[in-house]
Amino acid sequence: MKRIAMAGAGSMLLAAALAAVPASAGAEDAEEKKQVLVSAPMTGDGENLPDTVLSLDACLTGQTIPVGPSGWPACNDLTGPVPEAGKTPGYLQLTDASNHNTGAAILNKALPNKGGIEVTFAQYQYGGTGADGISFFLVDGETDLTESGAFGGSLGYAQLGDIPGVDGGYLGLGLDAWGNFSADTEGRGTGCPEDYQAPEYLRTAFNRAPDNVALRGPGQGLEGYCLLATTATDEKIGTVSNGDLYGTTFPESLRSESIDDAKRLVKLKVTGGDQPKVTVDLDFLDGGGWQRVLETSVPFAAPETFKIGFASSTGGKTDVHLIRHLRVETFVD
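The structure contained in this document is the topic of the report that follows. Within any chain, residue numbers begin from 1 and follow the written order of that chain's sequence. Two thresholds apply to this predicted model, a pLDDT of at least 70 for residue-level local features and 80 or more for giving and counting side-chain atom pairs, whereas whole-chain, interface and lining totals are computed over all residues. Hydrogens are left out, water is left out, and the side-chain values use all remaining heavy atoms of the structure.

1. Things to note about the pattern of salt bridges
For this document, the term salt bridge refers to a Lys or Arg side-chain nitrogen within 4 Å of an Asp or Glu carboxyl oxygen. In this structure the tally under the stated criterion is 13 salt bridges. The closest approach of N and O atoms between D244 and K236, which form a salt bridge, is 3.3 Å. Relative accessible area decides the class of each residue, using a 1.4 Å probe on protein chains only: under 20% of the type maximum gives buried, over 50% gives exposed, and in between gives partly exposed. By relative accessible area, which is 19% here, D244 ends up buried. One network of salt bridges, with partners in common, ties together K34, E118, R327 and E329.

The structure is reproduced here in structure tokens:
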């Protein structure tokens with residue numbers, strides 16, 4: 001599959017494709033026979049990390065010194081209630097609880113998409129004041145994935161002002177404690193047709209939807225990354241500074257005050273076909289098991305190969321952001 005162009009004529013293609021596909025459309029679920037592509041607990045000292053797994057200011061808490069050709073740093077001299085450095089089992093740490101911090105981990109190796117993709121992992125957001133969140137993203141496998149997209153409310157996937165989104169972006173999942181990833185403000189979603197823009201109340205500067213999950217679609221540079229779906233509701237739940245806050249239907253928060261209560265399991269599934277169905281399930285570990293929180297479609301077929309990444313950021317408000325137990329599978333006949 002060729003790279004999805006998003007500028008110029010490509011943006012017209014995006015608009016036409018999105019306009020033609022209702023949000024509920026999608027391929028039928030693939031058979032549940034899967035091949036494991038990546039199994040990365042992230043709990044050790046990093047000695048077995050492949051060269052193609054790159055750190056962009058992320059670290060592994062289980063190690064004490066930099067290891068591997070990719071130069072993964074040790075998690076030392078950090079702010080907030082972070083995991084103890086050098087203690088295993090550890091975590092992939094994207095940020096500590098310092099202000100205006102960013103971190104990403106990317107796999108610059110093309111993985112085959114044989115008929116759909118399923119990704120599961122554990123995420124932890126805790127110990128600060130609730131910002132910003134964590135993203136997981138898929139990009140076209142033809143991309144030389146060496147950088148993330150814009151941070152802040154764009155969570156390392158989408159664009160922000162004149163800062164481009166991730167190169168070759170196909171799908172970005174935002175686990176959004178602060179609430180800007182669902183909002184088409186700060187330049188997010190530029191060039192997107194009306195049906196794939198944020199709701200009107202999330203197109204107003206400073207309005208946001210805390211503690212929500214959102215999906216953004218294909219993008220390149222400063223074009224696209226359209227909002228495909230969000231769990232944000234239209235219920236106004238408060239006002240801060242000069243903006244309004246909107247609600248969620250979740251039984252629990254995406255974040256917690258301490259690491260002991262912060263673990264949430266995440267499952268992202270993208271089916272095969274020309275208009276892949278995308279589902280997001282969460283397990284809040286409250287006894288309720290997996291819960292379907294989002295279901296939508298992407299108006300372009302997924303690339304034949306893909307690369308992946310995690311990203312996170314803090315701002316004036318903060319949290320510690322951790323990942324464990326990444327598993328990536330593709331569906332096979």
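There is more to say, and it comes next.
2. Here we look at the state of the cysteines
Disulfide assignment relies on a single distance test, namely cysteine sulfur atoms paired within 2.5 Å. Scanning all chains against the criterion turns up two disulfides. Between the sulfur atoms of C59 and its disulfide mate C75 the distance is 1.9 Å. The disulfide joining C59 to C75 has a torsion of about 115° about its S-S bond and is therefore right-handed. Taken together, the positions of C59 in strand β3 (residues 59-60) and C75 in the loop between β3 and β4 (92-95) put the pair 16 residues apart, joining distant regions of the chain. Relative accessible area serves as the criterion here: at 7%, C59 is assigned to the buried category. Runs of H or I in DSSP of at least four residues are treated as helices and runs of E of at least two as strands, each being numbered from the N terminus.

3. As for the pairing of strand β6 (residues 116-126)
With eleven of eleven residues buried, β6 is to be regarded as a mostly interior element. The side-chain alternation of β6 yields two buried faces, one formed by G116, E118, T120, A122, Y124 and Y126 and the other by I117, V119, F121, Q123 and Q125. Any two strands between which DSSP finds at least two bridges are classified as paired. As defined by bridge partners, β6 adjoins strand β15 (residues 264-271) across eight bridges and the pair is classed as antiparallel. Across the sheet, residue V119 finds its bridge partner in β15, namely L268.

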